[in-house]
Amino acid sequence: MTTQGDLLHVVTLDDITPRRVALGRLLIWGSAAVMALSFAAVALAGYGFNPLGIETWRPGLYGYLLWATCLCIAQVVLHGEHGKRTLFILPSVLFVVAMVIFPLLYAIVIALSDWNLSSPDGRQFNGLDNIRQMWGDPFYWNALRNMVWYTLAILVEYAIAFGLALILASQIRARKFFRVAFLMPLMLSPVAVSWMVGKSMLEVRFGPLARLARALGWDDPSFFGNPEIARATIMVMDAWTYIPFMMIMILAGLQAIPREVQEAARVDGANAWRNFWEVTFPLMLPVSITAILIRIIFKLKLADIIINVTSGGPGGATDSVTSFIFREYRDRSNVGYGTLLALVYLVVIVIAITVFMKLVDRWMNPRY
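An unreviewed UniProt entry lists the protein chain under the name Sugar ABC transporter permease, with Pukyongiella litopenaei as the source organism. UniProt annotates the protein chain under Sequence similarities (unreviewed entry) with the comment "Belongs to the binding-protein-dependent transport system permease family."

Pasting the structure below:
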């Protein structure tokens, strides 16, 4: 039999007194208030109001650690043995708060600031000025439109990847060799692809592909001079890099389809087209949706090839949102405006992915 003062005493719900509840709530709300005040003091110091003499972000970190520690103690104080169980999920909760929620809130503060690294004035709060600037920025909206074209190109990539996967899944000669050969572009980084293909093979004067195009009758094979051709060339280079990724996923899905299913379809009289359209393609839908979704995520981050080959030109014709934001940081040192564009792009991505998943779910699971 143990008592409250013993080390091994098990605290049950019957041991939770009103005084203990008040102590637990005091720990939670008191530490949260200290953390909020420390964040507010750091934020105000960034805008020039600094009566406490804060020079770094450390008070905010100390406030967060104090809140995390008090939260752990308060769970045990308020819930006894049940509180100890919640301690197992607290590390993940604290990690999410520290690595996701806090940076997001800090980014919102930056997005509402006029912060140019080349300016001696430092960071100044400017309210909604960055939003008004974004609304009237034609280059940003042009980059957003380009992203729509780049994303729609995934449908073509998917069709090509599916065709290649069907070929490599059939009994052809040197199948293993072709599987390795088709996967090789995926092993290259986009930077290497930019220099190997964009800067050397497509170079308008001495590039072998430019010479071949000239020999075939194209007088001025400037792959990056015309806006439409430059955009299409970027799409081809990106597709050449990532089609193997979709192909390998679809190939794995094809090999997982039981042979008995397709043999049964052939016994029932289905020809090759009906076998593909009514058996193989429906069975491949989950894999296809996963491959397309992952490819969309890759595509939304498209920047390396554009930055290295065209820097968004000519006239912003090949700019993606990511490359536009990158140049806003690197070339103009405009941290506040660049952060706002990144946050807006994040919201657009979340909405687009959510709508895409809803449409896919409704298509694959129709409710009659």
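Draft legend 1. Main features of the overall build of the protein chain. A count of helical and extended segments in the protein chain gives 15 helices and two strands. Rg of the C-alpha trace for the protein chain: 29 Å, well past the compact-globule value of 21 Å for 368 residues, more than 25% over. Each principal axis of the C-alpha atoms in the protein chain carries an extent, and together these give about 85 × 65 × 40 Å. Classification of the 368 residues of the protein chain by burial places 38% in the buried group. A fraction of 65% describes how many contacts in the protein chain between residues 6 or more apart in sequence connect residues 24 or more apart. Carbon and sulfur atoms form 70% of the exposed surface of the protein chain, whose accessible area is close to 22200 Å². Separation of charge centres in the protein chain, based on 30 positive and 24 negative side chains, amounts to 5 Å.

Draft legend 2. Layout of unusual backbone geometry. Although it is not a glycine, Ala 174 adopts a positive phi angle of roughly 55 degrees. With respect to the secondary-structure elements, Ala 174 resides in the loop between helix H6 (138-169) and helix H7 (175-187). Judged by its relative accessible area of 45%, Ala 174 is partly exposed. The phi torsion at Ser 333 lies on the positive side, around 55 degrees, for a residue other than glycine. Position of Ser 333 relative to the elements: it lies in the loop between helix H14 (321-330) and helix H15 (335-364).

Draft legend 3. Molecular detail of the nonpolar core. In terms of nonpolar packing, the biggest core is built from 53 residues, with Tyr 140, Phe 162, Phe 224, Met 237, Ile 250 and Val 321 touching the most fellow members. In this structure Tyr 140 touches Met 134, Val 321, Phe 324, Leu 341, Val 344 and Tyr 345, once residues within four positions along its chain are discounted. Counting 11 residues, the second largest nonpolar core, distinct from the first, contains Ile 28, Tyr 64, Ala 74 and Val 97.

Draft legend 4. Quick peek at the UniProt feature "transmembrane region" (unreviewed entry) in the protein chain. Using the residue numbers shown here, the UniProt feature "transmembrane region" (unreviewed entry) corresponds to residues 26-49, 61-80, 87-112, 147-168, 180-198, 239-258, 279-298 and 337-360. Taken end to end, residues 147-168 is 100% helix and 0% strand, and its two terminal C-alpha atoms sit 31 Å from one another. With 90% helix and 0% strand, residues 239-258 has its two end C-alpha atoms placed 30 Å apart.

Draft legend 5. Quick look at the UniProt feature "domain: ABC transmembrane type-1" (unreviewed entry) in the protein chain. In the numbering used here, UniProt assigns the feature "domain: ABC transmembrane type-1" (unreviewed entry) to residues 143-358. When the span residues 143-358 is considered, its composition is 78% helix and 0% strand, and the gap between its end C-alpha atoms is 26 Å.

Draft legend 6. Representation of helix H4 (residues 90-111) within the structure. An ideal rise of 1.5 Å per residue puts 32 Å on 22 residues; H4 measures up with 30 Å between its terminal C-alpha atoms. Three or more residues of H4 are buried, namely Leu 90, Leu 94, Val 97, Ala 107, Ile 110 and Ala 111. Taken together, the buried residues of H4 touch helix H2 (58-79), helix H3 (81-86), strand E1 (113-115), strand E2 (123-125), helix H5 (129-135) and H15.

Draft legend 7. A look at the side chain of Ser 288. Residue position: Ser 288 is located in helix H12 (residues 272-300). Judged by relative accessible area, which is 2%, Ser 288 ranks as buried. Here the side chain of Ser 288 touches Tyr 158 through a polar contact of 2.7 Å, side chain to side chain. Apart from the residues lying within four places of it in its own chain, the contact partners of Ser 288 are Tyr 158 and Phe 162.

Draft legend 8. Structural detail: the environment of Leu 254. Mapped onto the secondary structure, Leu 254 falls in helix H10 (residues 227-256). Assessed through its relative accessible area of 11%, Leu 254 is described here as buried. A sequence separation of 29 residues divides Leu 254 from Leu 283, and the C-alpha atoms of the two residues are 8.7 Å apart. Residue contacts for Leu 254: discarding those within four places in its chain leaves Phe 162, Ala 165, Leu 166, Ala 169, Thr 280 and Met 284.

Draft legend 9. Structural detail: a nonpolar patch on the surface. There is a patch of nonpolar side chains on the surface, built from Phe 95, Val 96, Met 99, Val 100, Ile 101, Leu 104, Leu 105, Ile 108, Leu 346 and Val 350 and spanning about 890 Å² of accessible area. When contributions to the nonpolar patch are tallied by element, the ones reaching two or more residues are H4 and H15. Per element, the largest residue contribution to the nonpolar patch is eight residues, and it comes from H4. Counting through the fold element by element, Phe 95 comes out in helix H4. Among the residues examined, Phe 95 registers a relative accessible area of 52% and is labelled exposed.

Cut-offs applied
Residues numbered from 1 in each chain as written. Predicted model: local features only at pLDDT ≥ 70, side-chain atom pairs only at ≥ 80, totals over all residues. Heavy atoms only, no water. UniProt positions renumbered as here; feature names shortened; annotations may be inferred. Helix = DSSP H or I, 4+ residues; strand = E, 2+ residues; numbered from the N terminus. Rg over C-alpha atoms; globule rule 2.2 N^0.38 Å. Buried < 20%, exposed > 50% of the residue type's maximum accessible area, 1.4 Å probe, protein only. Contact = heavy atoms within 4.5 Å. Areas by Shrake-Rupley, 256 points an atom, 1.4 Å probe, with all protein chains shown as cover. Lys, Arg positive; Asp, Glu negative; His and termini not counted. Charge placed at Lys NZ, Arg CZ, Asp CG, Glu CD. Core = buried A, V, L, I, M, F, W, Y, C linked by side-chain atoms within 4.5 Å. Expected span 1.5 Å × (residues − 1). Polar contact = N/O pair within 3.5 Å; in protein donor to acceptor, adjacent residues only side chain to side chain. Patch = residues over 30% accessible without salt bridge, like charges linked within 9 Å, V, L, I, M, F, W, Y side chains within 5 Å. Salt bridge = Lys/Arg side-chain N within 4 Å of Asp/Glu carboxyl O.

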